[in-house]
Amino acid sequence: MCKECGCGITDTSNKEAVEVLENILKYNQALAEHNRHHFEEHKIYTINLMSAPGSGKTTLLEKTLEVLKDKYHLGVIEGDLETERDAERIRKKGIPVYQITTGSACHLDAALIDKALHHLPLDEIDILFVENIGNLVCPANYDLGTHLNVTLLSVPEGEDKPEKYPLIFKSSDLVIITK
């Protein structure tokens, strides 16, 4: 899928040992800190929603927005490979939303969030939700600068997901069981 994390590399016949002298995620970490600074400066609490495709991120987000919209000013950043379907669902709720369409990248990163922030009314948002791309592998590796990482675990997917994809569950502050 993407070239950054290597998940799209299928040909492993030409194996070489490469010594890595610098953290490959150093640039992402710097931008995540930059995003945190923006969030703090604008007094925005940010929540990163992660899960496998179809586990209910958008439905949970819609219900959460309905409950909170009269108490807080809300905003959403939607991540998806190809469509704006989820962003369209959020727009119908009257919530400011910015769509990030990655094409082939299977996760959002801090640089994408930084760019998205310039398209939202930050001074008018108390809570910002980031709906990450449906994937249980790559999103766990990329700090976005959010305050809270939430992973949804859908019961029909099977109870073995935390064993098969431990990093996303270890990096989450909260796990919500859905469906």
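The structure we're discussing is the one just above.
Residues numbered from 1 in each chain as written. Predicted model: local features only at pLDDT ≥ 70, side-chain atom pairs only at ≥ 80, totals over all residues. Heavy atoms only, no water.

1. So, the overall build of the protein chain
Let me state the cut-off plainly: Secondary structure counts use DSSP, requiring at least four H or I residues in a row for a helix and at least two E residues in a row for a strand, with both numbered from the N terminus. Note on contacts: a residue pair qualifies if any of its non-hydrogen atoms lie within 4.5 Å across the two residues.
Looking only at helices and strands, one finds six helices and six strands in the protein chain. Of all intrachain contacts in the protein chain linking residues separated by at least 6 positions in sequence, the fraction that spans at least 24 positions is 71%.

2. Re the pattern of salt bridges
To keep it simple, the criterion reads: Whenever a carboxyl oxygen of Asp or Glu lies within 4 Å of a side-chain nitrogen of Lys or Arg, that contact is scored as a salt bridge. Only protein chains enter the area calculation, which uses a 1.4 Å probe; residues under 20% of their type maximum are buried, those over 50% are exposed, and those in between are partly exposed.
All told, the structure shown has six salt bridges when counted by the stated rule. Its salt-bridge partner being Glu66, residue Lys93 comes within 2.5 Å of it at the nearest N-O pair. Of the two residues, Lys93 is situated in the loop between α3 (85-91) and β3 (97-101) and Glu66 in helix α2 (residues 57-68); the sequence distance between them amounts to 27 residues. With a relative accessible area of 35%, Glu66 lands in the partly exposed category. When the shortest N-O distance is used, the salt bridge between Glu84 and Arg91 registers 3.2 Å. When its relative accessible area of 35% is taken as the criterion, Glu84 is described as partly exposed. Judged by its relative accessible area of 40%, Arg91 is partly exposed. Where salt bridges share partners, they join Glu33, Arg36 and Asp143 into one cluster.

3. Thoughts on the pairing of β3
Just so we agree on the cut-off: When DSSP finds at least two bridges between two strands, those strands are taken to pair. Place the viewer so that the strands point away; then a crossover is right-handed whenever the path from the first strand over the helix to the second strand goes clockwise.
Where strand β2 (residues 74-80) and β3 come together, five bridges link them in parallel fashion. Considered in β3, the bridge of Asp80 is made with Thr101. Viewed along the sheet, the connection from β2 through α3 into β3 turns out right-handed.

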